[in-house]
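These are the residues of each chain, in order.
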Amino acid sequence: MRALQRGDVWLPAVGGVSAMALLALAIWEHSPYGRYLEHGDWTGVGLAGSVCSALPAGPMLFPLALYVVGWLLMTIAMMMPTITPLIAIFVTMTRDRSDCGTLISLLIFGYLLPWFAFGLAAHLVDMALHALAAGNAFLLVNGWVVGAVVIGLAGAFQFSELKYRCLDKCRTPFSFLNQHWRGAAARRQSFMLGVHHGVFCVGCCWAMMLLMFAVGAGSVGWMLAIGAVMAVEKNASWGRKLSAPLGASLLMTSITIIALNV
């Protein structure tokens, strides 16, 4: 535990935890339980069916629990690497404090909290869409419609003012720290610093994360690709210029899917 109070171990630790989360998802994806990473109706068969039938409210609680685990792993694997510049600066600012490790832990926990809330909201929307599709003959036959809408929504959001306002906050970690960190009530400020940064990060990247519902929530390859795009957008010197071409590509993909299926 004393080692975690040293600032110089945190960046390697963040990288290691992100890699372990990605590895865990890859093992999960290729295991006999890989279908549990998807959002289909798998609660009536196999081990999941047995657990769901044995537990009170099992068909709702068990999928939710598995989804929470999968979402947290996905968030750690995809989003944690994108905030390493913020963590690096914060480590430098708090390195000489005896509670340095505690403050960094609170920062990371605070950052993950908005993503957790967004994930729960996305899951509820996903459940509602599955319920709608189950009772809609058109959607049962034309499931591509939902994917086309999600991809088109992600593309359109790339051109929005909210996207760029949140992206600018994410791209300037030093200014963000100057604005939100004063050092007094350090633990509360560290936690709220993470929460504030997480909110802006969700505001910047929520549409890109929704793409995982369109391409397959259990696809580690897509996680790597989308995570890399978000990391470049937020941290590369030319990353801001990537948003518009990416948005155009996603819109064209959505239009192409519609044209091929209409």
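Residues numbered from 1 in each chain as written. Predicted model: local features only at pLDDT ≥ 70, side-chain atom pairs only at ≥ 80, totals over all residues. Heavy atoms only, no water.

### Topic: the overall build of the chain
No. 1: Within the chain one finds 12 helices and zero strands.
No. 2: Listed by position from the N terminus, the elements making up the chain come as α-α-α-α-α-α-α-α-α-α-α-α.
No. 3: Relative to all contacts within the chain whose residues are 6 or more apart in sequence, the contacts with residues 24 or more apart total 75%.
No. 4: Total accessible area on the chain stands at roughly 12900 Å², and carbon and sulfur atoms take up 71% of it. (Helix = DSSP H or I, 4+ residues; strand = E, 2+ residues; numbered from the N terminus. Contact = heavy atoms within 4.5 Å. Areas by Shrake-Rupley, 256 points an atom, 1.4 Å probe, with all protein chains shown as cover.)

### Remarks on a nonpolar patch on the surface
No. 1: Together, Val 125, Leu 129, Leu 132 and Val 146 make up a nonpolar patch on the protein surface, roughly 300 Å² of accessible area in all.
No. 2: At three residues, the largest contribution of residues to the nonpolar patch is made by helix H5 (residues 100-134).
No. 3: Relative to the elements of secondary structure, Val 125 occurs in helix H5. (Patch = residues over 30% accessible without salt bridge, like charges linked within 9 Å, V, L, I, M, F, W, Y side chains within 5 Å. Salt bridge = Lys/Arg side-chain N within 4 Å of Asp/Glu carboxyl O.)

### Some details on the packing of aromatic side chains
No. 1: As enumerated under the stated definition, the model contains six aromatic pairs in all.
No. 2: With a centroid separation of 6.0 Å and 90° between ring planes, the pair formed by Phe 176 and Phe 200 is classed as edge-to-face. One end of the pair, Phe 176, is in helix H9 (residues 173-180); the other, Phe 200, is in helix H10 (residues 186-215), with 24 residues separating them in the sequence.
No. 3: Taken together, the ring pairs in this structure connect Trp 71, Trp 115 and Phe 118 into an aromatic cluster. (Phe/Tyr/Trp six-rings, centres within 6.5 Å; stacked < 30°, edge-to-face > 60°.)

### A closer look at the nonpolar core
No. 1: By size, the foremost hydrophobic cluster in this structure holds 59 residues, and its most contacted members are Met 78, Met 79, Trp 115 and Met 209.
No. 2: Take this core: its biggest share by element is 13 residues, from H10.
No. 3: Contacts of Met 78, omitting those with residues within four sequence positions, involve Met 209, Met 212, Met 223, Ile 226, Gly 227 and Met 230. (Core = buried A, V, L, I, M, F, W, Y, C linked by side-chain atoms within 4.5 Å. Buried < 20%, exposed > 50% of the residue type's maximum accessible area, 1.4 Å probe, protein only.)

### Re the confidence of the model for the chain
No. 1: Averaged over all residues, the pLDDT of the chain is 82; the fraction at 70 or higher stands at 84%.
No. 2: Per-element confidence in the chain ranges from a low mean pLDDT of 50 for helix H2 (residues 46-54) to a high of 93 for helix H8 (residues 161-170).
No. 3: Note that residues 42-49 has pLDDT below 50 and, in this model, 19 contacts with residues that lie over four places away or in other chains. (pLDDT = per-residue confidence, 0-100.)

### So, the packing of H9 against H10
No. 1: Following both chains from N to C, one finds H9 and H10 inclined at 135°, their axes separated by 10 Å at the closest point. Taken together, the axes of H9 and H10 lie oblique to each other. In terms of crossing hand, the pair formed by H9 and H10 is right-handed. Facing H9, whose interface residues are Phe 176, Leu 177 and His 180, H10 presents Gln 189, Leu 193, His 196, His 197 and Phe 200.
No. 2: Looking at side-chain class alone, the contact of H9 with H10 contains four nonpolar, four polar and no charged residues. (Axes fitted to C-alpha atoms, helices over the stretch in contact; angles between N-to-C directions. Parallel < 35°, antiparallel > 145°, perpendicular 65-115°, else oblique. Left-handed = near helix turned anticlockwise from the far one by under 90°. Nonpolar A, V, L, I, M, F, W, Y, C, P; charged D, E, K, R; others polar.)

### Considerations on H8
No. 1: Of all the positions in H8, only Lys 163, Tyr 164, Cys 166, Leu 167 and Cys 170 are classed as buried. Projected onto a plane normal to the axis of H8, the buried residues spread over an arc of 170° and lie on a single side.
No. 2: Looking at the buried side of H8, the elements it contacts are helix H7 (144-157), H9, H10, helix H11 (220-235) and helix H12 (243-261). (Arc of directions from axis to C-beta.)

### Brief notes about the pattern of salt bridges
Oppositely charged side chains can form a pair if their charged atoms are brought close together.
No. 1: For the coordinates displayed, the defined rule picks out four salt bridges.
No. 2: Of the charged contacts in the structure, one is a salt bridge between Arg 240 and Asp 168, with a shortest N-O distance of 2.8 Å. Within this pair, whereas Arg 240 is found in the loop between H11 and H12, its partner Asp 168 is found in helix H8, the two being separated by 72 residues in sequence.

### Topic: the packing of H7 against H10
No. 1: H10 packs onto H7 with a crossing angle of 160° between their chain directions and a minimal axis gap of 9 Å. Between H7 and H10, the angle is such that the two are roughly antiparallel. Between H7 and H10 the crossing geometry is left-handed. Listed contacts from H10 to Gly 147, Val 150, Ile 151, Leu 153, Ala 154 and Phe 157 of H7 are Gly 203, Cys 204, Trp 206, Ala 207, Leu 210, Leu 211 and Ala 214.

### A look at helix H1 (residues 10-29)
No. 1: End to end, H1 covers 28 Å across 20 residues, agreeing with the expected 28 Å (1.5 Å per residue, within 8%).
No. 2: Turning to H1, its buried residues are Trp 10, Val 14, Ser 18, Ala 21, Leu 22, Leu 25 and Trp 28. Angular distribution of buried residues about the axis of H1 spans 125°; they occupy a single face of the element. Across from the buried face of H1, at angles greater than 90 degrees, the exposed residues are Pro 12, Met 20, Leu 23 and Ile 27. (Expected span 1.5 Å × (residues − 1).)

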